[in-house]
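Each chain is listed here by its residues.
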Amino acid sequence: MSDSPVLGRVVATERKPNTPHEFGFWTALDSPVGIGTIVRVEGPDPVNGVIPRIYGVVVEGFSYSDLQTPLHDVLGHDGAPASESLSAARRAEIRLYTAAVLRHVPEEPLQPVPMGEVFLADRHDVAVALRMDGYLAEGADTGIPVGIYRAGGIEAPIYLDADFLMGPEAAHLNITGVSGLATKTSAIEWLLASTFAHFPAQKGSVAAVCFNVKGPDLCFLDQPGALDDADRALYAALDVPAEPFPNVRYFAPYTAKGFTLNTLRSNEQLAGNVFPLTWGLREVMQYAEVLLNKDDVDAKADAFIDFIRERVLDREFTDDGFAKTHRVQSFADLEDWFRDLLRTVEQQNRGEHWRTHHVATIRKVRNRLSNISTRCAGLVTDEGTVSDLPFGAFDDRAVYVVDVAGLEEDAQDLVFARVVTKLREHLERRDLGVNHVMVFVDELNKYAPADGADTYVRKMLLDIAERGRYLGLVLFSAQQFRSQVHRRVVGNAGTSLYGRMDGDELATPGYAVLSPATRTKLATLEKGQLMVRHPHFTQPIFVRFPRPAVMRGRDGAERFPQAQEMTLDAAVARALRRLDPSITVGWVQEVVGPHDDADVLRARDVTLRTRPDDVKAFFAAQFRRIVPAEQPRVRPPRGLRVPRGANPYGDDEPPEEPPF
């Protein structure tokens, strides 16, 4: 028998009997039971020689008395709520609860819940009820803390099973809730820290790639945030360091001008781990279908794009009538190739076709491809300059933030498609540098909607959700309305978290499995509270998690304000100063001299990519020496020779000779 006090007793009636999956019990009026409380029932009679124990979570509560109608109570107080009751005794009141069964011990035979005593679950009971004893046992140790369960003065850490969060058994995590109150981003940041701290050693290494899609949300993950004593107590209880992420790298494309990076993390104090994200023709052509409208690019155009991709790109190409042999490696080279091709067709009067491709199709593809660098200015460069994530050299426990908040929708789709595809390719070859990658995508309502066109990004997210766990590619996603996200994306999420929910969202069919009391609690959750669904938990569990130990985006934007738009010389000096702190704006102006902007940006990109030992010498060597044009020597006009004696004024002095 348990030493803990009896909390209540199981009750069942003929009209409402207990089942193996649900039971009712009553308690005293002062019992610490509420919606979400975990309880334990001990049966009075042994079954097969074992006293059955049943664990359940409270999903509904009732309170009533023996009053037949409210009128009796009004009459009992003479119609005045503040007056004393006229009854001789206090009217009896009952607290009746309904609990959903979490686990039977032993599991067989599965019988209706017996009329036993009810106890408040302690830490051990919580672990058994949620089947955490299986993966927290010595030798397994795959638990990752998600939060603290609290009820009746008892606190118990709740763990997720890494095999069901990071694969291979199940994977992926989805969080939903209203904006501002559900703390979705905070929960993800906390879970990343918890996963890094408790990732099982036998599963290898892990890293995270986070897409920052709005404002400064993820721009300050390496800066300490404000925590109070309650937060630190939670960190200590869950054994997670209350520190910001020590290894974070940021990647952002340039602005359209190409001078500065298009991110809110542009303060010079934080520029040390911010890197440009730029791609050239080779990187974009692999994902051209992401940017091209299917209404414009039909099967003929698609075939010609494949021809360019297979026969022209990065190869020496020439044809009868071509002015030269082309090697296309950039958008500028591609435009030169198109001009030569069309000129050849026109001069040789070949008709309407070139190599089975119609001239109209060629012109259409030229038009669509040529404007990609304009539509994605700052991300895609004409010259083919490439600055990318370190695929193949990912660090263990590192966070890579790709800031796409300032990009147009087309450019965002291109970034999502290429980065995730490259992660999948490297994980398939096992040469990424880490064994597992968590990819965080916010605003899933936008990128994987339940309705609408079947975009490349949605197909890519579906592929991760359905097959990523076998590769170690895990999707952490968030959205405001879960019901509006593609069912296959959220359906494949092994773990689901719910913050405060909107009433309209809770009225959708997807939440019909929850009791009315649970739905009401979801609509009133405080910040820092979550409802957790996990494969090992047969019923949802409410937990509390600490604030992330990183600076909030809004606080970071105020403390580290965005850098003002700067001149080209200042932007280049700032970029190079990361390699050589002695570089000044004046030195850059002296070296750059009269060179145009394109040459200066090209020299900057080459220097940043090469990272030479002598930065100044390398950067200066990128410019051709401009020899000032020599001014022609101007010969002064000779003076008018006047014959001696021909001076009409009688002055016979010889005229002054010119200086040479």
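Parameters and conventions
Residues numbered from 1 in each chain as written. Predicted model: local features only at pLDDT ≥ 70, side-chain atom pairs only at ≥ 80, totals over all residues. Heavy atoms only, no water. 1 Å grid on protein atoms, 1.4 Å probe; cavity = no way out; pocket = protein on both sides within 12 Å on 5 of 7 lines; lining within 4 Å. Points joined across faces, edges and corners; volume = space filled by probe spheres on them. Helix = DSSP H or I, 4+ residues; strand = E, 2+ residues; numbered from the N terminus. Nonpolar A, V, L, I, M, F, W, Y, C, P; charged D, E, K, R; others polar. Expected span 1.5 Å × (residues − 1). Buried < 20%, exposed > 50% of the residue type's maximum accessible area, 1.4 Å probe, protein only. Arc of directions from axis to C-beta. Contact = heavy atoms within 4.5 Å. Patch = residues over 30% accessible without salt bridge, like charges linked within 9 Å, V, L, I, M, F, W, Y side chains within 5 Å. Areas by Shrake-Rupley, 256 points an atom, 1.4 Å probe, with all protein chains shown as cover. Salt bridge = Lys/Arg side-chain N within 4 Å of Asp/Glu carboxyl O. Phe/Tyr/Trp six-rings, centres within 6.5 Å; stacked < 30°, edge-to-face > 60°. Lys NZ or Arg CZ within 6 Å of the ring centre and 35° of its normal. Pairing = 2+ DSSP bridges. Axes fitted to C-alpha atoms, helices over the stretch in contact; angles between N-to-C directions. Parallel < 35°, antiparallel > 145°, perpendicular 65-115°, else oblique. Left-handed = near helix turned anticlockwise from the far one by under 90°.

Enquirer: How do you make sense of empty space enclosed by the protein when you look at a structure like this?
Expert: Left-over empty space is what a probe sized like a water molecule reveals as it rolls over the atoms. Counted by the stated rule, this structure contains 4 cavities of 30 Å³ or more. Considering only enclosed or pocket space, the largest cavity measures out at about 50 Å³ in volume. Residue lining of the largest cavity: His172, Leu173, Asn174, Leu444, Ala465, Leu475, Ser477, Val489, Val490 and Ala493, and that is the complete set. Elements with a contribution of two residues or more to the lining of the largest cavity: strand 9 (173–176), strand 19 (473–479) and helix 16 (487–491). The residue inventory of the lining of the largest cavity, partitioned by class, reads 7 nonpolar, 3 polar and no charged.

Enquirer: In this structure, what is going on with helix 5 (residues 184–198)? I would like to understand it.
Expert: Helix length check: helix 5 (15 residues) gives 21 Å between terminal C-alpha atoms against 21 Å at 1.5 Å per residue, within 8%. When you tally the buried positions in helix 5, you get 13 out of 15 residues, the bulk of the element.

Enquirer: Could you clarify how one ought to interpret the layout of surface pockets in this entry?
Expert: What the largest pocket holds in volume is close to 900 Å³. Residue lining of the largest pocket: 34 residues in total, with Gly180, Thr183, Ser186, Lys527 and Arg552 positioned closest to the centre. Listed by contribution, the elements that provide at least two residues to the lining of the largest pocket are helix 5, helix 6 (229–238) and helix 19 (553–559). Among the elements that take part in the lining of the largest pocket, helix 5 stands out by supplying 4 residues, more than any other. By residue class, the composition of the lining of the largest pocket is 12 nonpolar, 8 polar and 14 charged. When its volume is computed, the second largest pocket comes out at roughly 610 Å³. Lining the second largest pocket are 33 residues, and of these Tyr498, Gly510, Tyr511, Val513 and Arg533 lie nearest its centre. Residue assignment for the lining of the second largest pocket shows that the elements contributing at least two residues are strand 4 (53–65), helix 16, strand 20 (495–498) and strand 21 (529–533). Of the residues that constitute the lining of the second largest pocket, the class distribution is 17 nonpolar, 11 polar and 5 charged.

Enquirer: Looking at this structure, how should I read helix 18 (residues 516–523)?
Expert: One full turn of an α-helix is made of 3.6 residues, so residues set three or four places apart face in the same direction. Where helix 18 is concerned, the buried positions are Ala517, Thr518 and Leu522. Taken down its axis, helix 18 places every buried residue within 140 degrees of arc, on the same side. On its buried face, helix 18 sits against strand 4, strand 20, helix 17 (503–506), strand 21 and strand 22 (541–544).

Enquirer: Even after reading the chapter, I still don't get a nonpolar patch on the surface, so can you show me in this structure?
Expert: Together, Leu71, Val74 and Leu75 give the surface a local cluster of nonpolar side chains, amounting to about 300 Å² of exposed area. Considering the arrangement of structural elements, one finds Leu71 in helix 1 (residues 70–76). Residue Leu71 is classed as exposed on the basis of its relative accessible area, which comes to 52%.

Enquirer: How do you make sense of the packing of aromatic side chains when you look at a structure like this?
Expert: The geometry of two aromatic rings is summed up by the distance between their centres and the angle between their planes. Under the defined criterion, the tally for this structure stands at 24 aromatic pairs. We note Arg418 situated over the ring of Trp279; from NZ or CZ to the ring centre the distance is 4.8 Å.

Enquirer: Hey, could you run me through unusual backbone geometry in this one?
Expert: Glycine aside, negative phi is the norm for most residues, and most peptide bonds take the trans geometry. A cis amide bond, omega -5 degrees, links Glu108 with the succeeding residue Pro109. By the element assignment, Pro109 lies in the loop between strand 5 (93–105) and strand 6 (117–120). Look at the link from Gly167 to Pro168: it is a cis peptide, with omega at 5 degrees. Assignment of secondary structure puts Pro168 in the loop between helix 4 (162–165) and strand 9. Despite not being glycine, His172 shows a phi value in the positive range, around 80 degrees. Residue placement: His172 occurs in the loop between helix 4 and strand 9. Judged by its relative accessible area of 2%, His172 falls in the buried class. One non-glycine residue, Arg355, lies in positive phi territory at about 55 degrees.

Enquirer: What is the right way to look at the sheet that holds strand 3 (residues 38–42) in this model?
Expert: Each strand in a sheet pairs with its neighbour through backbone hydrogen bonds, running either in the same direction (parallel) or in the opposite one (antiparallel). Overall, antiparallel pairing links the 6 strands, which are arranged 1-2-5-4-3-6 in a closed barrel. The mean angle between the axes of side-by-side strands here comes to 45 degrees, regardless of whether they run parallel or antiparallel. Both strand 3 and strand 4 contribute to a ladder of 5 bridges, which runs antiparallel. Residue Val39 lies in a different strand from strand 4, and its bridge partner there is Gly56.

Enquirer: Honestly, the pattern of salt bridges in this entry has me stumped. Any pointers?
Expert: As a working rule, side chains carrying opposite charge can pair if their charged atoms are close by. Considering all chains together, one arrives at 41 salt bridges under this definition. Between Arg40 and Glu42 there is a salt bridge, with its nearest N and O atoms 3.2 Å apart. A salt bridge links Asp442 to Lys214; its shortest N-O distance comes to 3.5 Å. In this pair, Asp442 sits in the loop between strand 18 (436–441) and helix 14 (444–447) while Lys214 sits in the loop between strand 10 (206–212) and helix 6, placing the two residues 228 residues apart along the sequence. Given the relative accessible area of 30%, Lys214 is considered partly exposed.

Enquirer: For this particular structure, what's the right way to read the environment of Leu334?
Expert: Of note, Leu334 is situated in helix 10 (residues 331–347). For Leu334, a relative accessible area of 2% gives the class buried. Setting aside residues no more than four positions away along its own chain, Leu334 makes contact with Leu281, Ile308, Val328 and Leu369.

Enquirer: Looking at this structure, how should I read the packing of helix 10 against helix 11 (residues 359–370)?
Expert: When two helices pack together, their arrangement is given by the angle between the helix axes and the distance between those axes. Contact pair helix 10 / helix 11: the axes reach a minimum separation of 11 Å and the direction vectors enclose 160 degrees. It follows that helix 10 is roughly antiparallel to helix 11 by the angle criterion. For the element pair helix 10 and helix 11, the recorded crossing hand is left-handed. Along its contact with helix 10, which presents Phe331, Leu334, Glu335, Phe338, Arg339, Leu341, Leu342, Val345 and Glu346, the element helix 11 presents Val359, Ile362, Arg363, Val365, Arg366, Leu369 and Ser370. Taken together, the residues of the contact of helix 10 with helix 11 break down into 10 nonpolar, 1 polar and 5 charged.

Enquirer: What should I look at first to understand the environment of Ile583 in this one?
Expert: Here Ile583 shows up in the loop between helix 20 (568–577) and helix 21 (585–592). Separated by 404 residues in sequence, Ile583 and Ser179 have C-alpha atoms that sit 44 Å apart. The residues touching Ile583, leaving out its near neighbours within four places in the chain, are Ala573, Leu576, Arg577, Val588, Val615 and Lys616.

Enquirer: Whenever I open this one, the pairing of strand 9 confuses me. Can you help?
Expert: Side-chain direction in a regular strand flips from residue to residue, so the side chains alternate between the two faces of the sheet. In strand 9, alternate side chains face the same way, and those of Leu173 and Ile175 on one face and Asn174 and Thr176 on the other are all buried. Alignment of strand 9 against strand 19, held across 4 bridges, turns out to be parallel. Counted as the bridge partner of Ile175 is Ala478 from strand 19. Across 4 bridges, the pairing between strand 9 and strand 20 is parallel. Looking at the pairing, Asn174 lines up with Ser496 of strand 20.

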